[in-house]
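The chain contents come next:
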Amino acid sequence: QVQLVESGGGLVQAGASLRLSCAASGRTFSSYNMGWFRQAPGKEREFAAAISRGGGSTYYADSVKGRFTISRDNAKNTVYLQMNSLKPEDTAVYYCAADYTGRAGRRRADEYDSWGQGTQVTVSS
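First, a word on what this report is: a plain description of the structure on this page. Being a predicted model, the structure only gives us computed values, none of them experimental.

Each value, and the rule that gives it
- Residues numbered from 1 in each chain as written.
- Predicted model: local features only at pLDDT ≥ 70, side-chain atom pairs only at ≥ 80, totals over all residues.
- Heavy atoms only, no water.
- Pairing = 2+ DSSP bridges.
- Helix = DSSP H or I, 4+ residues; strand = E, 2+ residues; numbered from the N terminus.
- Axes fitted to C-alpha atoms, helices over the stretch in contact; angles between N-to-C directions.
- Buried < 20%, exposed > 50% of the residue type's maximum accessible area, 1.4 Å probe, protein only.
- Lys, Arg positive; Asp, Glu negative; His and termini not counted.
- Salt bridge = Lys/Arg side-chain N within 4 Å of Asp/Glu carboxyl O.
- Polar contact = N/O pair within 3.5 Å; in protein donor to acceptor, adjacent residues only side chain to side chain.

**As for the sheet that holds strand β7 (residues 68-73)**
As summarised here, the arrangement of the four strands in space is β1-β3-β8-β7, forming an open sheet in which the pairing is antiparallel. Lying at the two open borders of the sheet, with one neighbouring strand each, are β1 (4-7) and β7. Shown here is a sheet whose adjacent strand axes are inclined to one another by a mean of 15°, direction ignored.

**Re unusual backbone geometry**
Backbone geometry at Asn77 places phi at a positive 55°, although glycine is not the residue there. If you trace the backbone, Asn77 turns up in the loop between β7 and β8 (78-83). Of note in the backbone geometry, Ser85 takes a positive phi value of approximately 50° without being a glycine. Checked against the element boundaries, Ser85 lands in the loop between β8 and β9 (92-99).

**A few points about the side chain of Arg72**
By secondary structure assignment, the location of Arg72 is in strand β7. This buried residue, Arg72, is left without a salt bridge; Asp73 holds the nearest opposite charge, at 8.3 Å. A polar atom in the side chain of Arg72 sits 2.8 Å from the backbone oxygen of Ser52.

**A word on the pairing of strand β3 (residues 18-24)**
Burial of β3 is extensive: five of the seven residues sit out of reach of the surface. Of the pairings in the sheet, the one linking β1 to β3 comprises four bridges and is antiparallel in character. What sits directly across from Ser7, in β3, is Ser21. Both β3 and β8 contribute to a ladder of six bridges, which runs antiparallel. The residue bridging Cys22 from the neighbouring strand is Val79, located in β8.

**Observations regarding the pattern of salt bridges**
For the structure shown, the criterion picks out six salt bridges. A salt bridge links Asp90 to Arg67; its shortest N-O distance comes to 2.7 Å. Placement of Asp90 in the loop between β8 and β9 and of Arg67 in the loop between β6 (58-60) and β7 is noted, with a sequence separation of 23 residues between them. You'll find Asp90 and Arg67 in the same group, each marked buried. In this structure, the salt-bridge partner of Asp110 is Arg108, at a minimum N-O distance of 3.0 Å. Three or more residues are tied together by salt bridges with common partners; here these are Arg38, Glu46, Arg67 and Asp90.

Function cannot be read off these values alone, since they describe shape.
Written as structure tokens, this is what we have:
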């Protein structure tokens, strides 16, 4: 089972950028589809972005499309989420997740097999 550790969260003003990183343990990172989810207080965890095993296909929620970019470096066992033009409504705990066996681009949290502990992103207005 892969271990995932997120980093890069913080407190920023609206319009700023942040880059989240998710480092994975193990030697089979390139065999996992990866996703980023987020959860705001009092709300359900929601899909933000996903990327295929090789990085050739990416998927985004409508709410982040055009502002967020997911990428991965399989040599470094790391997946990234570049977040630009941040808005207060982007405030949430951001989680990365690994999907061991499914097709790329899954959008339901229960379809992912391993999760990180999350990193807080707070955007002030």
